[in-house]
Amino acid sequence: MVFRSISQGLQQWVTTLLGGAAGLNDEELKAQAIKNQDETDRLVQIENARGAVKLRLVTIVGVLVLVALAIVVGAIVLVVQAAGELKLPWSRIGTAVGTFIATSGLAALVGRWATRWFKRRRAAGTPTVEPASQNPQGGDPNQMASP
């Protein structure tokens, strides 16, 4: 079973959503490029389309990150404002500063937990690569068999 990272799944989803380039792998592209000039020109256009899709993906992800950051900052401001309205024995400024530090720390802890969780999940899904042996299993193809 093959596992993919979340970013690869998101990239494939956006590629299919935006009508990305043909689904050819690099070996197929190289084999077709050797055939004739028309194929080469078409493949250049496909690569340009792939680049455009990647640019769109980066733009969309960047906008989503900015929106998420704005939401977190807005939530912190609302919590600080709400804490400032409480009737506590210390000053309103102390309450605001303490609340800001606490909510920022909580957001950092949640972010760190999420990062570790994603890394563990990615590491668990990544198959280990076995080192290639010196002698292939079928033997050396250049060696002549003895009669």
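Everything discussed here concerns the structure shown above.
Just so you know, the residues in each chain are numbered from 1, in the order the chain's sequence is written. Side-chain atom pairs in this predicted model are given and counted only at pLDDT of 80 or more, local residue features only at pLDDT of at least 70, and totals for whole chains, interfaces and linings cover all residues. Computation of side-chain values covers all heavy atoms of the structure but excludes hydrogens and water.

### Section: helix H3 (residues 37-84)
Part 1 of the reasoning: Segments assigned H or I by DSSP are reported as helices when at least four residues long, segments assigned E as strands when at least two residues long, and all are numbered from the N terminus. Expected span, for any helix, means 1.5 Å times one less than how many residues it has. Taking 1.5 Å per residue as the helical rise, H3 with its 48 residues ought to reach 70 Å, and the 70 Å between its terminal C-alpha atoms agrees with that figure.
Part 2 of the reasoning: Those residues of H3 that fall on the buried side of the exposure criterion are Leu 43, Ile 46, Val 53, Leu 57, Ile 76, Val 80, Ala 83 and Gly 84. For every residue, the accessible area (1.4 Å probe, protein chains only) is compared with the maximum for its type, and the residue is labelled buried under 20%, exposed over 50%, or partly exposed between those bounds.

### What about a nonpolar patch on the surface?
Part 1 of the reasoning: On the surface, Ile 6, Trp 113, Trp 117 and Phe 118 cluster together to form a nonpolar patch covering roughly 440 Å² of accessible area.
Part 2 of the reasoning: A total of three residues in the nonpolar patch trace back to one element, the largest contributor, which is helix H4 (residues 92-125).
Part 3 of the reasoning: For Ile 6, the location among the structural elements is in helix H1 (residues 6-17). Patch membership needs two things, relative accessible area over 30% and no salt bridge, and members are linked within 9 Å if like-charged or within 5 Å if nonpolar (Val, Leu, Ile, Met, Phe, Trp, Tyr). Methods summary: accessible areas were calculated by the Shrake-Rupley approach with a probe of 1.4 Å, and residue burial reflects only the protein chains presented. Any Lys or Arg side-chain nitrogen located within 4 Å of an Asp or Glu carboxyl oxygen qualifies as a salt bridge.

### Quick notes on the packing of aromatic side chains
Part 1 of the reasoning: Here the aromatic set is Phe, Tyr and Trp, taking the six-membered ring for Trp, and pairing holds for ring centres within 6.5 Å; pairs whose planes are under 30 degrees apart are stacked, those over 60 apart are edge-to-face, and all others are tilted. Here the structure, examined in full by the defined rule, presents two aromatic pairs.
Part 2 of the reasoning: Arranged with centres 6.3 Å apart and planes meeting at 15°, the rings of Trp 113 and Trp 117 form a pair that is stacked. Placement of the pair is Trp 113 and Trp 117 together in helix H4, with a separation of four residues, close to one helical turn.
Part 3 of the reasoning: On the basis of relative accessibility, which here comes to 53%, the residue Trp 113 falls in the exposed class.
Part 4 of the reasoning: Connected via pairs of aromatic rings, a cluster forms that spans Trp 113, Trp 117 and Phe 118.

### Some thoughts on the pattern of salt bridges
Part 1 of the reasoning: A complete count under the given rule lists one salt bridge for this structure.
Part 2 of the reasoning: Between Arg 50 and Glu 47 there is a salt bridge; the shortest N-O distance is 3.1 Å. Taken together, the positions of Arg 50 and Glu 47, both in helix H3 and three residues apart, correspond to about one turn of that helix.
Part 3 of the reasoning: Arg 50 sits in the partly exposed class, given a relative accessible area of 21%.

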